[in-house]
Amino acid sequence: MTARAGRGEHARFAAAHTLPALVRGFVNARPPAARGHAGPDRPRWSAATLRALRDRHGGAPLLVRGLSGSVLLILDPRDIRQFYAEPVGAPGRPAAGTDGCAHAGPRAERRALDDSVLAAGLTVHPSCGAFLSVLTDEARRLTAGGSLELARVRHSVARAARRIVLGDAAAGDTELGRRPGRSPDKAGARIAAYADLAEPHTLIGRARRHAEPFSGPDPVGQVRQWLAAFDLVPGILLRTLLLLGAHPAEQDAVAAEARAAGCARGSAQGALPRLRACVRESLRLYPAVPDLIRITRAETEWRGVRHPAGTRVVLPVLFHQRDPEHVPAAHVFVPGRWASREADLDVRMAPFSHAGGRCPGEQLGLLVTAALCAEILRGHRVRSVRPLLDPLGPLPESLDPQGIRLRLARR
């Protein structure tokens, strides 16, 4: 028999989980002065609601009404592996946005291009040396003011993104990161012009060497997608540095790693395993995409109950990654949990998703974020101006990067 939420549970789920998610998206799109209605307690309300639903229904996948219709909610870790076995998208529907990664798209050739250009699976990207030079240059601008806040970080990361994707000639072209609007042809013409000038190490330069690179995927759309993926980096960077500011011993350890990497050669410069673990732990605590979605392509069975093709299956990633019933020290910053290969394969943890939906830009994203952290920490000590975190107590369940301000002091 299908587990279904009751009328009151539908209302509570919508009020505590679905509606706040919608509000967060609306608030984040508004000017900073207009924000303030997506309070820090909302994720906690959601976690309590999901935990109560799991307890009442024995952990079975639960049909519950969301704002866009019924969804099958995955509440028990035993069902997560089956969730990841489902295809990312459904026939005739783009997969964009389901996992928040740059590979999103209904066509296999787009994924193949991403895998090749982004060097999916390689810890250190083949263009690591050139990318690190770009990041060193932009980090110098980033640390010039003695403090870090979102606007400054966004500016530097956007410049670095344009240089990494399209080359140095595109560094100052701020229009490239905006929506096409009414002149997509003009944007496409500018991207094509930069592509002609792009250095071989850039993403577009690598794409041009790809076998028949643009026979399928749209090059303009692909470049926009790569640039959009970098939009996640400022928030991740600020949260990671904020957490390190609250844990000075860990900050000193990763600063030592950064200094050692600065003296190294080759791939060792970009490896930074301890810093990458800190970034992963930041994403465990504050995932870029709190909920993942699969739309089944065929009839599927969940714990003996059959559901028709087209069922929307939702995995609340934030809930599972911070579930104290199944994750040790769920609300504490413990980057050491990522030291083993097994941790990266743990389906309860999904900083970059799993299986066919795993983000091909995972390693490049880790390289960029960890390298920027390294450039900052190599010569500076970071402390928080706001918010102030308790390193011993449970961490807040949400951190709006708009509200983070860090102070930099020379080491």
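Values in this document were obtained by computation on a predicted structure and should not be read as measured data. (Residues numbered from 1 in each chain as written. Predicted model: local features only at pLDDT ≥ 70, side-chain atom pairs only at ≥ 80, totals over all residues. Heavy atoms only, no water.)

Let's talk about the sheet that holds strand β10 (residues 405-410)
Within a sheet, neighbouring strands are paired by backbone hydrogen bonds and run either parallel or antiparallel to one another.
So, step 1. Ordered by their spatial adjacency, three strands build an open sheet running β4-β10-β9, and the pairing between neighbours is antiparallel. This sheet does not close on itself; its edge strands, each paired only once, are β4 (147-148) and β9 (380-386).
So, step 2. Relative to β10, β4 runs antiparallel, the two being bridged by two bridges. Residue S147 lies in a different strand from β10, and its bridge partner there is R407. (Pairing = 2+ DSSP bridges. Helix = DSSP H or I, 4+ residues; strand = E, 2+ residues; numbered from the N terminus.)

Here we look at the pairing of β10
So, step 1. Pairing geometry for β9 and β10, over six bridges, is antiparallel. For S384, the partnering residue across the bridge sits in β10 and is L406.

Looking at the side chain of E86
So, step 1. Looking at where E86 falls in the secondary structure, it is placed in the loop between α3 (80-85) and α4 (108-117).
So, step 2. Every residue in contact with E86, bar those within four places of it in the chain, is listed here: R294, T296, T300 and W302. (Contact = heavy atoms within 4.5 Å.)

Regarding the pairing of strand β8 (residues 312-316)
So, step 1. With respect to burial, β8 is a largely interior element, four of its five residues being buried.
So, step 2. In this structure, strand β3 (residues 69-73) lies alongside β8, joined through two bridges in parallel fashion. Across the sheet, L72 pairs through a bridge with V313, a residue of β8.
So, step 3. Alignment of strand β5 (residues 291-295) against β8, held across five bridges, turns out to be antiparallel. Directly across from R294, in β8, lies its bridge partner V313. (Buried < 20%, exposed > 50% of the residue type's maximum accessible area, 1.4 Å probe, protein only.)

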